[in-house]
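# Analysis of the macromolecular model
As a plain string of letters, each chain reads:
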Amino acid sequence: MTAARDKAVARLQRAAENAKIALSDQPYVTIEEEYLLKKDGRPVNLSVELARNHYEAMIEPYVAETHGSHAYRLERCRIDQLGPG
């Protein structure tokens, strides 16, 4: 990755984190980042509105996977603590 792409990725990660935090209190957020990169000599800008329900739908599979993994581990701990049979 070039230095310019690294900076653009870092800016996008910060914008995503800020949007996630804002969606805790708001039903939607507008993410705007100007001049992330240049493509074909023209600036690349980002302007997108993200709704909380859309964000939750995007992350739901990851949340479910994490929940399932933790539930399994907790159940294993309970069985191990109770001992056999």
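Preceding this paragraph is the structure being described.
If you're wondering where the values come from, they're calculated on a predicted model, not measured in any experiment.

## Remarks on the pairing of strand β2 (residues 42–51)
With nine bridges joining them, strand β1 (residues 28–39) and β2 adopt antiparallel strand pairing. Opposite Lys-39, over in β2, you have Arg-42 as the bridge partner. Connecting the antiparallel pair β1 and β2 is a turn made up of two residues, with Asp-40 showing a positive phi of about 55°.

## Section: the pattern of salt bridges
Under the counting rule described, the total for this entry stands at two salt bridges. For Arg-11, the salt bridge identified is with Glu-33, shortest N-O distance 2.9 Å. Taken as a pair, Arg-11 in helix α1 (residues 3–22) and Glu-33 in strand β1 lie far apart in primary sequence, 22 residues in all. You can call Glu-33 buried: its relative accessible area is 17%.

## Describing the environment of Tyr-28
By the element assignment, Tyr-28 lies in strand β1. The partly exposed category is assigned to Tyr-28, whose relative accessible area is 43%. C-alpha separation for the pair Tyr-28 and Asn-53, spaced 25 residues apart in sequence, amounts to 8.5 Å. Not counting residues within four places of it along the chain, the set of residues in contact with Tyr-28 comprises Leu-23, Glu-49, Leu-50, Ala-51 and Arg-52.

Criteria and cut-off values
Residues numbered from 1 in each chain as written. Predicted model: local features only at pLDDT ≥ 70, side-chain atom pairs only at ≥ 80, totals over all residues. Heavy atoms only, no water. Pairing = 2+ DSSP bridges. Helix = DSSP H or I, 4+ residues; strand = E, 2+ residues; numbered from the N terminus. Salt bridge = Lys/Arg side-chain N within 4 Å of Asp/Glu carboxyl O. Buried < 20%, exposed > 50% of the residue type's maximum accessible area, 1.4 Å probe, protein only. Contact = heavy atoms within 4.5 Å.

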